[in-house]
Amino acid sequence: MDLKKIVFILSICSMTYSYAGNVKTDPNPFLSEFKTLYNAPSFDKIKIEHYEPAFLEGIRQQNAQIKAIVSNKAKPTFQNTIVAYDNSGEILRRVGGVFFNLTEAETNDALTALSIKMAPVLSEHSDNISLNKALFKRIKTVYSQRGSLKLTREQERLLELIYKDFVRSGAALDDKKQARLREINKELATLEIDFSNHVLNETNAYQLVISDKKDLAGLPDWLVKSAAEDAKAAGKEGKWIFTLHNASRLPFLQYADNRALREQIYNAYINRANKGDKNDNKAILAKVITLRLEKANLLGFDTYSNFVLDKNMAKNSAKVMDFLNNLWKYSNENARKEAAELQKLMDKEGKGEKLARWDWWYYSEKLRQEKYNLNEDELKPYFKLDNVREGAFAVANKLYGITLTEVKNVPVYNPDVKVFDVKDSKGKHLGLFYVDYFPRAGKRGGAWMNNYKDQHGESRPIICNVASFTKPAGDVPSLLTLDEVQTLFHEFGHALHGLLTKCNYVGVSGTNVTRDFVELPSQIMEHWATEPEVLKMYAKNYKTGEVMPDTLIQKLNKQMLFNQGFMTTELLAAAILDMEFHNLKDAKNLDVVDFEKKVMDKYGLIPEIAPRYRATYFNHIIGGYAAGYYSYLWANVLDSDAFEAFKENGIFDKKTADAFRTNVLEKGGSEDPMVLYKKFRGAEPKLEPMLKNRGLQ
């Protein structure tokens, strides 16, 4: 999962900007509640010209709200200061929720240009609030009296988080340091948008065009049909086009017999934004790392990683590095063994070739067939997208009693998007859920969950899942790979976290939790995806309706540990790279590509594997996961241990599900995450279940 814009959207809710001038607000749909079912975004009425006036009017309105808090003659209280602040910025939340998701899922030149234009405005706006001395004085006053205020635990948590966020934003700095911090934040806002746009441009620009049918050898029919349709859409009928999107690139690497073409598409992918042209990200990333370090130093931290981790479960870089180094000992050795197995398979072919990075998917698929008599393409007919989605919904129903029913009378931004009304077991509305599952030119790669509307009090949330799964081709529906199945369940887990939340305040509701806790609800959902009982609920042959046979289910589950050395090592390598960038205490003259190589050499990453994300296209560390990519593995310890409770009591045990819902999904960030986890599990998580699940013991 990727939650790229959530933190940024939430930060927008606490910004100010001095706006002068009269903006014609009517009929701008953002300036009042949307007049739709459950106040869903009015995508049928929203136009490009509405965004900037809405942002600016939201800024003006929030200026007035902040001024009212600061000007209040009454002594500062939790209600007139903390709650008033948490409630401020309604218009900004509304426009930001739509705008920042569309710049990721349905962007165009106009949206891109506007995001670049607004970035410094919104950054300044954020700083004007977080560096407002009078506002911070009131917040600090309430915080200093917290022991005598008789607050609920949720209120205590909100007060603590707001106070610390102001301190972390520079509220306690002197004027000179605050002025420099403003400059840094403004520059970072623009650089980070440029970085992401360059990756998107590079991804969209590449096409592997095949004219000779012989070059399609080894590829499954569904992939060939999809490539033919892409070629036809691009005006190249009679040819085949493969792209860098996961749904095209990965199966090509997995099945294409033509090694030279595998090398070509692989190298195009791993060298994105690293060609010395207008989309090159090397200088941008070096500047970002340098500015982040300076920001951390201004705020009293020796490294940016320690600045980030101070508010996470991990608390500091040393603890994260110990965790990653411990896992590395297991994973890299397993990866070496796997590489040796693949090389033996290549040697049998007698071509005298040495295993290279672009060979891994191809020969691991051959080895899977040899070891388990399983071709992953055998699974795809049972993984029709609609069935998988309904399977995830059925799991949620059995666990939590909720239902998701498609609604047609809600406007959407693209015909691919579907909307579902989510209700509890008594028929009470819990939220709206949007899904957008197919790749297109205006959508970045990966998958993520975002909010269009936050939950607080009686106001229910509006949540979306976005991904780029295998598209339908001709008369063949969208058939998912096993990895895509797990991704759908993963992102739906994030959605459940957002939909089932029951908090009183925006600042702690839903997925507003520490970065290394947010992946627990998503990753635990992946466990249900391949449980035999669950597979029989949704894995049905798209042609015959036949449920996946037991023999195939057994093969699937027997090979779950297959290739885990590779998968864990490439993920770990990226997490280590992220941490090493942000552990720097001196970033002058940083060559990010050279630095990446030195880090990987230091750790002994085998040459047949590259980090899952290389420096110049590592969008996670630009969009909210800086010094945080380790979170997927950290949360893997939590989710593996947590799912043991379900396995011990039954994967649909009501008592266990109720405990997870009550102590994790409903609580958001209203308590310390380890406290919430221990309330559910009764103890801190153990490492062993995670090592077992990844075959690392």
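Refer to the structure presented above.
Residues numbered from 1 in each chain as written. Predicted model: local features only at pLDDT ≥ 70, side-chain atom pairs only at ≥ 80, totals over all residues. Heavy atoms only, no water.

For the rest of this paragraph, the subject is the overall build of the protein chain. Within the protein chain, the regular secondary structure consists of 27 helices and seven strands. The C-alpha radius of gyration computed for the protein chain amounts to 25 Å, which stays within 12% of the reference 26 Å derived for 697 residues, consistent with globular compactness. Dimensions of the protein chain along its principal axes, counting C-alpha atoms only, are 85 × 60 × 55 Å. Expressed as a percentage of its 697 residues, the buried residues of the protein chain come to 59%. When the accessible area of the protein chain is evaluated, it comes to approximately 27,400 Å², of which 49% is carbon and sulfur surface. Here the protein chain holds 98 positive side-chain charges and 91 negative ones, and the gap between their average locations is 4 Å. (Helix = DSSP H or I, 4+ residues; strand = E, 2+ residues; numbered from the N terminus. Rg over C-alpha atoms; globule rule 2.2 N^0.38 Å. Buried < 20%, exposed > 50% of the residue type's maximum accessible area, 1.4 Å probe, protein only. Areas by Shrake-Rupley, 256 points an atom, 1.4 Å probe, with all protein chains shown as cover. Lys, Arg positive; Asp, Glu negative; His and termini not counted. Charge placed at Lys NZ, Arg CZ, Asp CG, Glu CD.)

Let us now look at the environment of Gly445. By the element assignment, Gly445 lies in the loop between strand S5 (429-436) and strand S6 (448-453). Classification of Gly445 by relative accessible area gives partly exposed; the value is 38%. Once the C-alpha coordinates of Gly445 and Ala54 are considered, the two residues, 391 residues apart in sequence, prove to be 28 Å apart.

By the definition in use, this model includes 48 aromatic pairs. Both rings, one in Tyr630 and one in Trp634, keep their centres 5.9 Å apart while their planes meet at 85°; by these two values the pair is edge-to-face. The buried category is assigned to Tyr630, whose relative accessible area is 0%. Judged by relative accessible area, which is 12%, Trp634 ranks as buried. Grouping aromatic residues by their ring pairs yields a cluster made of Phe30, Phe34, Tyr51, Phe55, Phe99 and Phe100. Residue placement shows Arg262 over the ring face of Tyr362; its charged tip is 4.1 Å from the ring centre. (Phe/Tyr/Trp six-rings, centres within 6.5 Å; stacked < 30°, edge-to-face > 60°. Lys NZ or Arg CZ within 6 Å of the ring centre and 35° of its normal.)

As a further point, take helix H9 (residues 221-233). For H9, built from 13 residues, the straight-helix expectation of 18 Å at 1.5 Å per residue is met to within 8% by its first-to-last C-alpha distance of 18 Å. Among the residues of H9, those classed as buried are Trp222, Leu223, Val224, Ser226, Ala227 and Ala231. (Expected span 1.5 Å × (residues − 1).)

All chains considered together, the criterion is met by 49 salt bridges. Its salt-bridge partner being Glu202, residue Lys275 comes within 2.6 Å of it at the nearest N-O pair. Of the two residues, Lys275 is situated in the loop between helix H11 (259-270) and helix H12 (282-298) and Glu202 in helix H8 (residues 175-205); the sequence distance between them amounts to 73 residues. You can call Glu202 buried: its relative accessible area is 9%. Its salt-bridge partner being Asp230, residue Lys471 comes within 2.9 Å of it at the nearest N-O pair. Of this pair, Lys471 sits in the loop between strand S7 (462-466) and helix H18 (482-499) while Asp230 is found in helix H9, placing the two residues 241 residues apart along the sequence. Overall, the relative accessible area of 27% leaves Lys471 in the partly exposed class. (Salt bridge = Lys/Arg side-chain N within 4 Å of Asp/Glu carboxyl O.)

Adjacent strands of a sheet pair through backbone hydrogen bonds, lying either parallel or antiparallel. Taken together, the five strands give an open sheet; going across it, the order is S3-S4-S5-S7-S6, and neighbouring strands pair in mixed fashion. Strand pairing shows two members of the sheet lacking a second neighbour, strand S3 (403-407) and S6, which therefore form its edges. Adjacent strand axes in the sheet meet at a mean angle of 30°, parallel and antiparallel pairs treated alike. Bridge count for strand S4 (residues 418-423) against S5 is six bridges, and the pairing is antiparallel. Within S5, the position partnered with Asp421 by the bridge is Leu432. (Pairing = 2+ DSSP bridges. Axes fitted to C-alpha atoms, helices over the stretch in contact; angles between N-to-C directions.)

In terms of burial, S6 is largely enclosed, as six of its six residues are buried. Relative to S7, S6 is paired through five bridges, and the arrangement is antiparallel. Along S7, the bridge assignment pairs Trp448 with Val466.

Another aspect to go through is the packing of helix H24 (residues 631-649) against helix H26 (residues 673-681). At a closest axis distance of 11 Å, the pairing of H24 and H26 adopts a crossing angle of 20°. Judged by the inter-axis angle, H24 sits roughly parallel to H26. Note on packing geometry: the crossing formed by H24 with H26 is left-handed. In contact with Leu638, Asp641, Ala642, Glu644, Ala645, Phe646 and Glu648 of H24, H26 contributes Tyr677, Phe680 and Arg681. A per-class count over the contact of H24 with H26 returns six nonpolar, no polar and four charged. (Parallel < 35°, antiparallel > 145°, perpendicular 65-115°, else oblique. Left-handed = near helix turned anticlockwise from the far one by under 90°. Contact = heavy atoms within 4.5 Å. Nonpolar A, V, L, I, M, F, W, Y, C, P; charged D, E, K, R; others polar.)

Judged by nonpolar contacts, the single largest core of 170 residues is most densely connected at Phe242, Leu324, Phe383, Phe433 and Trp528. It is helix H14 (residues 317-349) that contributes the most residues to this core, eleven residues altogether. For Phe433, the residues in contact, after removing those within four places along its chain, are Phe393, Leu404, Lys418, Val419, Phe420, Val422, Ile463, Cys464, Asn465, Phe492, Ala495 and Leu499. Counting 34 residues, the second-largest nonpolar core is a separate cluster that includes Leu92, Phe100, Met118 and Val407. (Core = buried A, V, L, I, M, F, W, Y, C linked by side-chain atoms within 4.5 Å.)

Keep in mind these values describe shape, not function.
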